There are 8 protein chains.
Amino acid sequence: MNEDKLREMLQALQDGKTDVDAIVENLRSWPYEDLGFARVDHHRALRRGFPEVIFGEGKSADQITKIMEAMLSQGTNVLVTRVDAAKAKDVQKKINTAVYDDISRTMTVRQHEVSEKGRGLVLILAAGTSDIPVAEEAAVTAEMIGSRVERLFDVGVAGLHRLLDHFHQMREASVLVVVAGMEGALPSVVGGMVEKPIVAVPTSVGYGASFKGLAALMAMLNSCAPGIAVVNIDNGFGAGYLAALIDQG
Amino acid sequence: MNEDKLREMLQALQDGKTDVDAIVENLRSWPYEDLGFARVDHHRALRRGFPEVIFGEGKSADQITKIMEAMLSQGTNVLVTRVDAAKAKDVQKKINTAVYDDISRTMTVRQHEVSEKGRGLVLILAAGTSDIPVAEEAAVTAEMIGSRVERLFDVGVAGLHRLLDHFHQMREASVLVVVAGMEGALPSVVGGMVEKPIVAVPTSVGYGASFKGLAALMAMLNSCAPGIAVVNIDNGFGAGYLAALIDQG
Amino acid sequence: MNEDKLREMLQALQDGKTDVDAIVENLRSWPYEDLGFARVDHHRALRRGFPEVIFGEGKSADQITKIMEAMLSQGTNVLVTRVDAAKAKDVQKKINTAVYDDISRTMTVRQHEVSEKGRGLVLILAAGTSDIPVAEEAAVTAEMIGSRVERLFDVGVAGLHRLLDHFHQMREASVLVVVAGMEGALPSVVGGMVEKPIVAVPTSVGYGASFKGLAALMAMLNSCAPGIAVVNIDNGFGAGYLAALIDQG
Amino acid sequence: MNEDKLREMLQALQDGKTDVDAIVENLRSWPYEDLGFARVDHHRALRRGFPEVIFGEGKSADQITKIMEAMLSQGTNVLVTRVDAAKAKDVQKKINTAVYDDISRTMTVRQHEVSEKGRGLVLILAAGTSDIPVAEEAAVTAEMIGSRVERLFDVGVAGLHRLLDHFHQMREASVLVVVAGMEGALPSVVGGMVEKPIVAVPTSVGYGASFKGLAALMAMLNSCAPGIAVVNIDNGFGAGYLAALIDQG
Amino acid sequence: MNEDKLREMLQALQDGKTDVDAIVENLRSWPYEDLGFARVDHHRALRRGFPEVIFGEGKSADQITKIMEAMLSQGTNVLVTRVDAAKAKDVQKKINTAVYDDISRTMTVRQHEVSEKGRGLVLILAAGTSDIPVAEEAAVTAEMIGSRVERLFDVGVAGLHRLLDHFHQMREASVLVVVAGMEGALPSVVGGMVEKPIVAVPTSVGYGASFKGLAALMAMLNSCAPGIAVVNIDNGFGAGYLAALIDQG
Amino acid sequence: MNEDKLREMLQALQDGKTDVDAIVENLRSWPYEDLGFARVDHHRALRRGFPEVIFGEGKSADQITKIMEAMLSQGTNVLVTRVDAAKAKDVQKKINTAVYDDISRTMTVRQHEVSEKGRGLVLILAAGTSDIPVAEEAAVTAEMIGSRVERLFDVGVAGLHRLLDHFHQMREASVLVVVAGMEGALPSVVGGMVEKPIVAVPTSVGYGASFKGLAALMAMLNSCAPGIAVVNIDNGFGAGYLAALIDQG
Amino acid sequence: MNEDKLREMLQALQDGKTDVDAIVENLRSWPYEDLGFARVDHHRALRRGFPEVIFGEGKSADQITKIMEAMLSQGTNVLVTRVDAAKAKDVQKKINTAVYDDISRTMTVRQHEVSEKGRGLVLILAAGTSDIPVAEEAAVTAEMIGSRVERLFDVGVAGLHRLLDHFHQMREASVLVVVAGMEGALPSVVGGMVEKPIVAVPTSVGYGASFKGLAALMAMLNSCAPGIAVVNIDNGFGAGYLAALIDQG
Amino acid sequence: MNEDKLREMLQALQDGKTDVDAIVENLRSWPYEDLGFARVDHHRALRRGFPEVIFGEGKSADQITKIMEAMLSQGTNVLVTRVDAAKAKDVQKKINTAVYDDISRTMTVRQHEVSEKGRGLVLILAAGTSDIPVAEEAAVTAEMIGSRVERLFDVGVAGLHRLLDHFHQMREASVLVVVAGMEGALPSVVGGMVEKPIVAVPTSVGYGASFKGLAALMAMLNSCAPGIAVVNIDNGFGAGYLAALIDQG
């Protein structure tokens, strides 16, 4: 309808019934409802080769399937996060190209190759074995967006030598994702070793006064090492996405 | 510059060098940067006779004075909240039409009469005498916007009869602002008595486990009486503003 | 018994054994226990056509059925909130006029038509698809009370253009209910666009540092846009009820 | 052993081998380990006719049965709190005198009559129907200890008239137990009506920002009415016990 | 006006223009606004000899003086809590019968003797020397209301023998007020020693993870000993008041 | 590779192609990546006879079995914490030397005798019977590391005499582990009785305002008795481990 | 001493008294104490031209001066954060090349030119005028490290058009620092508009339920827009540092 | 009086008027009030050479002076914690042997030499320079009790090499006190390097989401390294005291 109104005005201009000044004035005063002509470039992600992402938690297998089918019909790659094995199985009955990874709990469909677009390396560290699912979610996400990813797991601060052994690899990264639960000390230690952007991910691993990841979150926000920023508890996807943005910036 | 570009296009249309379809297509694809033509109607408030509002806390007398002068030059009324007496005195040296109210800690300049625009009555209740400053901030705000305001103070739940005595007045209001600190029970009791929209304002009045108004805030959010919504702790301005909007809706 | 006592006194007056002054004095000093004569007008809601409301959570199908039957015998409409599908089914076996809506998780019985009594439009916005159940609870509630309701879902701040596209509709509303989880930013953005009363509803949608809706709740309470008040987390009913009160004020 | 040592000393005194001063000096310097002679009077409760109490939560039917049997063999009455129906059934197979109450979730065995020992009346108020289980736990506890108990349920502040109707009964009580969830306002209102000791019990009834009873707890602690003290969330037993102590003081 | 209306009706009855039934019916349907005839018995406290109480915090010396003068003119005793020395001095210039106690920070005026009305003894324990101001506020309050008070200070759980030394005194009390900061363990220990009503008062004494009394408050609410209820942090007045109510019940 | 580089250098030295100074200088400037030569002495624990420890929570029976088998092949003793009975059974099918203790929920394999290495006695106190599982986890841990352990359970502060009866035993210990839930007062009382290092363990035993052990944790951190430090909620393993370190220091 | 030991070994090799294998084996087993040879490359920052940074809060003017002098003697640039005007003045008496900026509260000394080393633009947004000091701290930090910085202030979500007007500028940035207090919604809105790495900085601007920035912090952590990570409340320095790292990566 | 009663009984025994059995029986039944004979050994600390300790915070110079004088008259050493410089000066006017240390804010009087009684070394680490006052309080405390103390300051995890450089010294300690604010990661890293008892002290150093030391406290409680226990925020005294107990155990 707004389009109709605009066409009417422009036609009047073409017909010599109004002038440029009047139309400019008119457009200037349009309130928000006319913003139909100023749309956000929502195809941007697709053109850059980014996958479409579905947050699977709280959605049924049926809902996920339908959203995926709609996306797949656009030719895009698809990443579904936070899917449990049972749901994944149900989805795969309909969409047999869907690949499920039971560690990261992600489901992916690759309709076209993901080309590496990053400047360097996204290095993903996990403090303990229980932090690996979150770390893998970050890894899968960054890979789907087109970054080269390496993993460095079980390098918690209580066994410092394991971390020190990989100093070289850490220096090679363009950005590090550091995943840790419990006391969340790993990003501080890593931040003291390399001068790279660090995306810290607190996990809900822990018990008692960990308060489901709050202890790790607070520790990471208070890190004495600069160059660190933090995402939500267990937000592997967010960390992987941001790391890929940094790597491809 | 965007205007220039638009004029260019429209001139081309007028000159017969392009057609309506092309221009519509062009406008449709404009990204956000062209939103210069889709401005929010920021003169709306002024035309409706609303005052300009300045949040005085953290601003110096000098800063407040300068902002007020700019606003006053537009012919609008002005309301400044959270001003202490010393600052007010300094401002008044420059702007001698400014009226300071040391209870609500507001400063107002009325360049034109505020006409009553509401459908009914904004009734403002305060549980204790210590809650009055916040209640007065709400009252002054609603009055400046053009609502009729009545005050009903010191009607806390521990002296229920004082509240019951004013049942008639409460039923006459179009909206009630209920201000209370400590256990914040007053909105629940009022909400059980009248079926009117209630804007509840927790105050930081209290000590110990009141945690600077948190107890009252939580109580109000959990009210067993329907028809109640809550604003931030000590936010008399917000409550008065919303109440006026409801009254004038 | 109080009635007996009152009758005795009045009889004495009629019999000329006492005078008006004595009785007035006597009544004046009656303590609370005589309040039997000053009952709240609890039929008010019914006469205005409001439905009776049952909070279904924690009640068995059997309990809900019995309360509903008692209410229905009064001829009133009935709204039950927070009922799961299984319970609803059990209730429907006994009360076959009960209609269950599995999105809002409400059950309604309409014994008489609900006439529109509002001045305008209650517009209900939901930020994400996961917020829809809460938004629908608000919508069903406002409709049952007699307000005209429109829905505007999936207009979260991360896709601002969808929100901007509906600016016109937002300006038409007499009151807006804005439902959002996660960071709870939507009410602030909406409050910056329209000068209408806004009832903000934080939802428990989110994870990690969302702390079951606390993050959204706190964000909404701290909104930089005036004209916003907040109800409890996931309290769609409360928001719809208040919105209808405002719309019908 | 300590006894042996003491006897040895005393024998020496009797035999004239030591004197009074030496023994007094010796006893004076005894550290704590000799406190075997200064035992707490742990039969006190039993003699006063108090029941033995078992906190049933987290204990198996088998564990509860064994503890009960041991207690019953002493001739005492027994009160078990926080027992679910299934566990109760299992216990009753072994102890067929056990009476289970599925509202208060208590199990009682009365081997002897409980005589009324209080000075007056323990009045137990509950704000909503969902608060009744906690209120009943308080009631059963106070009754088992020997107080006269009356119940006044569904008298929440949102329907003030129901509360006002029972003003007389409230004035008769020697102590009131006031049970409420959600915003926890009832004790404040009651405390403003009667000048009696009030034991306030917050319940976990509520949702969202009730935080499992925290809102009610904080409201009660901040009550503007004096004469109120608070027990733990859902602690009906503690409230009933304290009320009985006050009533029987 | 309500009175006018009532008189009119009664006159009609006296004049034989209406009958008893009609008036009863009429009164029965009066809504709240007619509650003027059902006033709370607000002289109750005065007749019982209770003092009037003023919460001095946040009030100026001038405000306190005026309220006191109004009260004193009624012949009542007066208790002012939370007054600092400077304010007290200013008040005393006007009211030279006012007695200031710089430990409890209370000011009292005794226009008539306070007669002992309790059944027994209010025993007030304080864990540490820093808790004494709060304990003294409780003591002064209970004394002003007419209870016999004894003090037992510096009996914290880290020096158990001091507490044990006073076991006899504790058993004589009709009610105990137990004041403690830091870990707030004292009420639990006392509750395990005597079977008396205990009013626990957490204080803000402590640092770090005491969070201004929150640690003590939470400990007291979770006491494993029954017979304990808790008032707000530092609320000596509330504890003394409740203790006196219990003692005089 | 670093090794290769080092060998090259050393070979050059041996061949007379470089000198000692040059190599020292070279090694001095090696960054972290060369730390392969500066490994932590990770066999330390084994040589001291410490068991390997597996945190069983969140691991499957299969995962636990595999880790245990790897450890057992090194000849070490193994301790698995937080294993439920079902998982333990599954593990025992493969590793029939594994002993499961269903109170502490630990599984142990002793391939060699644990010799007592401590200087004294690790005394483990538990306040209530519900705290015993955590206390037993501490006890089993300290025993596996080689300390002599005694248990003193059900000595909560509400029954002080039971604690006092064991004063002698408490004085004999070289370190005490004090386990308590609810109000967490036991460590303060114990700390006031003996001048020994105390490891306090809050447990999640409690309800309502216990907030899953937070109340006990905060109480212990604020203890007025010196000589106390605190581990995480329910962390029996950590307490037992630290106590053994202290005992064997 | 370790060096002595190493020299001894190497001398033995040179003398033919040992062989390469033996030395490699020896070095391999060196524990941490020999890490003197594996120092962190702490001159890294200096060589890259990074300034030395001093956190000024809690340090005296004298302490700051001494640390600055030591740093300046190394020829490096120096940045001091969180310095108030008075302290700055004192420092400038000794170090007259120090430049103080009273908005960002930073003090800088530039001994050599800062060359631009970034790939693009660090764009710094501030929601309100009160957020500008934190935003300026970020800006000054990024500039000192060598990034090109642009500022975009007063673009809060309550006046969306101001933000929309600068869409183009936002798309040009290589990384955005988004500073906001109160409800902290700005990063979500920005994150929905551009696909760039966003460093979100919550500020302590606000009152009541803002809890000194906690509301904004939680909102930012829960952002529904991907590509956002968060630093500590008011941590402008940390955000500027990280942004520069990303820009120069 | 109890003594009188005891003497009477014993005299009767000596006089042959009663027998041993009767007296034993009599003593056995004594309730707590007779505990005068079972006093805690409160001279224990003095005999072991421990200093008397005064918590100076909240006490006036005059109060501190009087307590010190009383203690000094017993010949004991005295340690006063949390004294500011002004107060210290005032005390020193009266007690000129008092030595004030303005870093640890302690005041000490040594009337007799403190002999070293520990088995080894108390090593005190501080992460940052701002943590030194707390660390020094721990150091002074442990030294006053008679332990050998070494300090290792400014060894935070962001500069790991400084920590690694002192590995040898850390292995020599019998117990480590690890002091850190902000993210509190240092104890975890130290705990992963040495197998010694670690007393972790969170400090209130930090800002924003540090919440005055809460972040560090929670991190330390959740440490992934075993052998760590935690004291209250800023509780240097408690840590030093416990460390000395462990060292001298």
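Residues numbered from 1 in each chain as written. Chains lettered and ligands numbered in written order. Predicted model: local features only at pLDDT ≥ 70, side-chain atom pairs only at ≥ 80, totals over all residues. Heavy atoms only, no water.

Let us look at the relation of the copies chain C and chain G. You can overlay chain C on chain G at an RMSD of 0.3 Å; the transform is a turn of 179° with a shift of 0.1 Å along its axis. Here the two chains are linked by the operation of a two-fold rotation axis. By C-alpha distance to the rotation axis, the residue of chain C lying nearest is C:A185, at 2.5 Å. (Least-squares fit on C-alpha atoms with pLDDT ≥ 70 in both.)

An α-helical turn contains 3.6 residues, so a residue and the one three or four places further along point in the same direction. Burial runs high along helix α10 (residues 214-221) of chain D: seven of the eight residues are buried. Turning to α10(D), its buried residues number three or more, namely D:A215, D:A216, D:L217, D:M218, D:A219, D:M220 and D:L221. (Buried < 20%, exposed > 50% of the residue type's maximum accessible area, 1.4 Å probe, protein only. Helix = DSSP H or I, 4+ residues; strand = E, 2+ residues; numbered from the N terminus.)

This next bit is on the sheet that holds strand β2 (residues 78-81) of chain G. Residue and element names in this part refer to chain G. Read from one edge to the other, the open sheet built from four strands follows the order β1-β2-β4-β3, with strand pairing classed as mixed. At either end of the open sheet lies a strand with only one pairing partner, and these are β1 (52-55) and β3 (99-101). Here the average twist between neighbouring strands, direction ignored, is 20°. Of the pairings in the sheet, the one linking β1 to β2 comprises four bridges and is parallel in character. For F55, the partnering residue across the bridge sits in β2 and is T81. (Pairing = 2+ DSSP bridges. Axes fitted to C-alpha atoms, helices over the stretch in contact; angles between N-to-C directions.)

With that settled, consider the interface of chain C and chain G. In this assembly, 24 residues from chain C lie in contact with 24 residues from chain G. Across the chain C to chain G interface the summed buried area is about 2000 Å²; carbon plus sulfur atoms make up 72%. In terms of surface lost to chain G, no three residues of chain C exceed C:E183, C:M218 and C:N222, which account for 31% of the buried area on that side. In this assembly, chain C and chain G are joined by zero salt bridges. (Contact = heavy atoms within 4.5 Å. Buried area = accessible area lost by both parts, 1.4 Å probe. Salt bridge = Lys/Arg side-chain N within 4 Å of Asp/Glu carboxyl O.)

Summed over all chains, the structure comprises zero disulfides over all chains. Considering cysteine sulfurs only, D:C224 is the nearest to B:C224, which forms no disulfide, with 16 Å between them. Residue B:C224 is classed as partly exposed on the basis of its relative accessible area, which comes to 30%. (Disulfide = S-S within 2.5 Å.)

All names here are of chain F. Pairing in this open sheet of four strands is mixed, and the strands run β1-β2-β4-β3 from one edge to the other. If you trace the sheet from one side to the other, it starts and ends with β1 (52-55) and β3 (99-101), each paired once. The mean inter-strand angle of the sheet, taken between neighbouring strand axes irrespective of direction, is 20°. In the sheet, β3 pairs with strand β4 (residues 106-109) via three bridges, with the strands oriented antiparallel. Note that in β4 the partner of D101 across the bridge is T106. Along the sheet, helix α4 (residues 61-72) makes contact with β1, β2 (78-81) and β4, crossing β1 at roughly 175°. Strand contacts of helix α5 (residues 85-94): β3 and β4, with the helix running at about 175° to β3, the strand carrying the most contacts.

A word on the domain arrangement of chain A. Residue and element names in this part refer to chain A. Its domain assignment divides chain A into domain 1 (3-109) and domain 2 (122-248). If you look at the interface, domain 1 gives 15 residues, while domain 2 gives 15 residues. Contact between domain 1 and domain 2 buries roughly 1100 Å² in total, counting both sides, with carbon and sulfur atoms accounting for 70%. Taken as a group, F50, R82 and I103 account for 38% of the area that domain 1 buries against domain 2, more than any other trio of residues on that side. Counting the contacts that link domain 1 with domain 2 gives zero salt bridges. Where domain 1 meets domain 2, there are one residue pair in polar contact (both at pLDDT 80 or more). (Domains from an automatic or database assignment. Polar contact = N/O pair within 3.5 Å; in protein donor to acceptor, adjacent residues only side chain to side chain.)

Placing chain A over chain G gives an RMSD of 0.4 Å and needs a rotation angle of 179°, together with 0.0 Å of translation along the axis. Take the interface residues of chain A: 100% of them recur as interface residues in chain G, which is what a same-surface contact looks like.

Our next topic: the interface of chain A and chain G. Taken together, the contact pairs 34 residues of chain A with 34 residues of chain G. Interface area for chain A against chain G, summed over the two sides, is near 2800 Å², with a carbon-plus-sulfur share of 58%. Between chain A and chain G we count zero salt bridges in total. The tally of links from chain A across to chain G stands at seven residue pairs in polar contact (both at pLDDT 80 or more). Listing elements by their share of the side of chain A that touches chain G, those giving two or more residues are α3 (44-47), α7 (160-164), α9 (186-193), α10 (214-221), β9 (228-230) and α11 (236-247) of chain A. The element best represented in the side of chain A that touches chain G is α11(A), accounting for five residues. Classifying every residue of the side of chain A that touches chain G gives 21 nonpolar, six polar and seven charged. (Nonpolar A, V, L, I, M, F, W, Y, C, P; charged D, E, K, R; others polar.)

Residue and element names in this part refer to chain H. Strand direction decides the pairing type here: strand β5 (residues 121-126) and strand β6 (residues 148-153), joined by six bridges, are parallel. Note that in β6 the partner of V122 across the bridge is V149. Crossover β5 to β6 through helix α6 (residues 132-145) is right-handed. (Right-handed = clockwise from strand over helix to strand, strands pointing away.)

What follows deals with helix α11 (residues 236-247) of chain G. All names here are of chain G. Between its terminal C-alpha atoms α11 stretches 16 Å, which fits the 16 Å expected from 12 residues at 1.5 Å a residue. By the criterion of burial, α11 is predominantly enclosed, with 12 of the 12 residues buried. For α11, the set of buried residues is G236, F237, G238, A239, G240, Y241, L242, A243, A244, L245, I246 and D247. (Expected span 1.5 Å × (residues − 1).)

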